[in-house]
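# What the coordinates show
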Amino acid sequence: MLPDVLTVPGLGLQVHAYGLMLAVALLLAWLVTLSLGRKDRLPPGPLGTAYVLAAGLGLVAARIAWLLQRPGETVDASLWVLRADELAPFAGLMVAGLVSGFYLMRRRVPVVAFYDVVAPALAAGAMVERLGALLAGMGFGDYAPELPWAIRFPAGSPAYLEHERSLPGLVAPGAELSLPVHPTQLYALLVAAAALGVGLWLRRRRRFSGQVFLGTAIAYLLGRALVEEWFRADAGAAMLGPLSSGQVSALVLSASLGVVAWSRGRLALAEHKPAAFRPWEGGRWSPSDAAQAEPSSRARPEADPSAEPSSVRGRNKTKKTAKGRKGRRRR
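Values in this document were obtained by computation on a predicted structure and should not be read as measured data.

Calculation rules
- Position numbers for residues count from 1 along each chain, tracking the sequence in the order it is written.
- The model is predicted, so local features are restricted to residues of pLDDT at least 70 and side-chain atom pairs to those at 80 or more, both for listing and for counting; the totals for chains, interfaces and linings are taken over all residues.
- Calculated side-chain values reflect all of the structure's heavy atoms, with hydrogen atoms and water omitted.
- Strands here are runs of E lasting at least two residues and helices are runs of H or I lasting at least four, both read from the DSSP assignment and numbered beginning at the N terminus.
- Burial classes follow relative accessibility: with a 1.4 Å probe on protein chains only, a residue under 20% of its type's maximum area counts as buried, one over 50% as exposed, and anything between as partly exposed.
- Contact between two residues is taken to exist if any of their heavy atoms lie within 4.5 Å; hydrogens are not considered.
- Under the convention used here, a 1.4 Å probe and the Shrake-Rupley method define accessible areas, while residue burial counts only the protein chains that appear.
- Note on terminology: a nonpolar core comprises buried Ala, Val, Leu, Ile, Met, Phe, Trp, Tyr and Cys residues joined through side-chain atoms within 4.5 Å.
- By definition, a salt bridge exists where a carboxyl oxygen of Asp or Glu is found within 4 Å of a side-chain nitrogen of Lys or Arg.
- As a per-residue measure, pLDDT reflects the predictor's confidence and takes values from 0 up to 100.
- Patch definition: residues with relative accessible area over 30% and no salt bridge; like charges joined within 9 Å; nonpolar side chains (Val, Leu, Ile, Met, Phe, Trp, Tyr) joined within 5 Å.
- Each Phe, Tyr or Trp ring, with Trp reduced to its six-membered ring, pairs with another whose centre is within 6.5 Å; inter-plane angles below 30 degrees give stacked pairs, above 60 give edge-to-face pairs, and intermediate values give tilted ones.
- Here, a charge over a ring is recorded when the distance from Lys NZ or Arg CZ to the ring centre is within 6 Å and its angle to the ring normal is within 35 degrees.

### Remarks on the overall build of the chain
Regarding its fold elements, the chain presents ten helices and four strands. Taken from N to C terminus, the helices and strands of the chain fall in the order β-β-α-α-α-α-α-α-α-β-β-α-α-α. Taken over 331 residues, the chain has a buried fraction of 37%. Contacts in the chain between residues at least 24 apart in sequence constitute 66% of all its contacts with a sequence separation of at least 6. In the structure as shown, the chain presents an accessible area of about 19,700 Å², 64% of it carried by carbon and sulfur atoms.

Next up, the structure:
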C-alpha cells in the first residue's frame, strides 16, 4: 500500500497514488482510442475531442452521483476529490456515453464505431485504475485467513480500520498489519485484462458495428459480477438468492447486451447493404475518403479548344457555318 506517491518540494502538495494512476489510466485509454480509431479510418480530431469531453463530464457525473447516494453521511462534498471507491462508475459511464454520442452525431461520425474503439481502451485503463486502488488500499476483499495469495494492509489503512471495528477479537493490540484479505483489486485487474483480450480478439473477427463494444462490455460485466463481487468486503446484501443487487444488475445488463448483439448480427447478415454495418471500412467521415472525394466535388475546368482533335474542331466549325447560313436566310 502506497497512498501518497510523493510530495512536491516547496509546495507541500501530496500526490495521491489513486489520483496519479487514474490520470495515467485516462491518458492510456486516450492513446489507445486514437490508435484504434486510426486503424478503423475514423477522424482523430473529433475522436479525441469526444473522448476528452466524455472523460471530464463523466468524472464529474460519477462524483455527483456518489454524493447523492449519501445524503446523510459526513463526507467531503468537493466535486474535485477523486478518491478510490468515492465515485459512481456506472453513472459516469452513462453520462460519458451520452455526451460523446451527441457530439459525434453533430460531427457526422458513426457513434457506434467510436464505442467499438473506446471499449477496449477503457478496459486497458481499468487495469491501471485498479492498480491505483490497490496502492490506495481501497476496494479491499473479504477476510480470508487460509487463502495462500491473501494480502495484508498496514495499520491505518481502510482494511485495518474495518477489521478493528468488525473483527476486534482477531486484531491483536498494536498489530502493524491488517488481517489477510482477498486481493479483489487484482481480481478486477485480471477481469479488465480478460475484457481487453476479448475486445481485441473480436476486432479481428467482427461482422457488424458494435460487436466489439458489446462483447467487451459483456465480458467485463460478467467478470465483475461473478469474480470480483463475490469477494469484496463491501459487497451489498443478498437480493436474489446469494446474489447482491450489483450482481443482479450486471447479469441483467449483460443479458440485455447479448440480445442486442444477437439482433444486430442477424440484421447484418440479412441487410442488402452490409457496408452500413461495417463503418471501419471507411466512409465520408474517414480522412482518406474525404481527401479522395474533394477533387471530384470541385467544378471541372473548361476544356481548351486548342486541345481538341482536328476532326472535332472541323465538325464544330461546320455546325457554326450552317447556323450562320440559316440566320441569313431568315433575314
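### Focus on the nonpolar core
In this structure, L42, L47, L104, F114 and V117 are the most contacted members of the largest nonpolar core, which totals 18 residues. In terms of residue count, the dominant contributor to this core is helix α4 (residues 111–136) (six residues). When neighbours within four sequence positions are excluded, F114 is seen to be in contact with T33, L42, L47, A50, Y51, S100 and L104. F208, A217, L221 and F277 belong to the second largest nonpolar core, which has ten residues in total.

### Examining unusual backbone geometry
Peptide bonds are trans in most cases, and residues, glycine excluded, mostly fall at negative phi. A positive phi is found at R41, a non-glycine position, where the angle reads about 60°. At R108, a residue that is not glycine, the phi angle is positive and equals roughly 60°. Along the chain, R108 turns up in the loop between α3 (89–106) and α4. For R108, a relative accessible area of 62% gives the class exposed.

### Digging into the pattern of salt bridges
Taken as a whole and judged by the stated rule, the model has eight salt bridges. Where R206 meets D40, a salt bridge forms, and the shortest distance between an N and an O atom there is 2.7 Å. Of this pair, R206 sits in the loop between α6 (184–203) and α7 (211–228) while D40 sits in the loop between α1 (17–39) and α2 (44–68); the two residues are 166 residues apart in sequence, bridging distant segments of the chain. Given a relative accessible area of 11%, R206 falls into the buried group. D40 sits in the buried class, given a relative accessible area of 3%. A salt bridge links E228 to R232, with the shortest nitrogen-to-oxygen separation between them at 2.9 Å. Judged by relative accessible area, E228 falls into the buried class, the value being 0%.

### Quick notes on the confidence of the model for the chain
Do not read the predicted coordinates in detail wherever pLDDT is low. Within the chain, residue pLDDT values average 83, and 79% of them lie at 70 or more. Here helix α10 (residues 310–330) stands out as the least confident element of the chain, with mean pLDDT 52; α6 is the most confident, with 96.

### Quick look at a nonpolar patch on the surface
A surface patch of nonpolar side chains, about 390 Å² in accessible area, is lined by L222, L226, V227, W230 and F231. Secondary-structure assignment places L226 in helix α7. Accessibility expressed as a relative area gives 44% for L226, which makes it partly exposed.

### A closer look at the packing of aromatic side chains
Considering all chains together, one arrives at three aromatic pairs under this definition. Ring geometry for Y115 versus F213: centroids 5.5 Å apart, planes at 40°, classification tilted. Within this pair, whereas Y115 is found in helix α4, its partner F213 is found in helix α7, the two being separated by 98 residues in sequence. Note on Y187 and F231: the rings are 5.6 Å apart at their centroids and 70° apart in plane angle, and the pair reads as edge-to-face. Taken together, the positions of Y187 in helix α6 and F231 in the loop between α7 and β3 (238–240) put the pair 44 residues apart, joining distant regions of the chain. Taken together, the aromatic side chains of F114, Y115 and F213 make up a single cluster linked through ring pairs. When the ring centre of W280 is taken as reference, the NZ or CZ atom of R206 above it lies at 4.3 Å.

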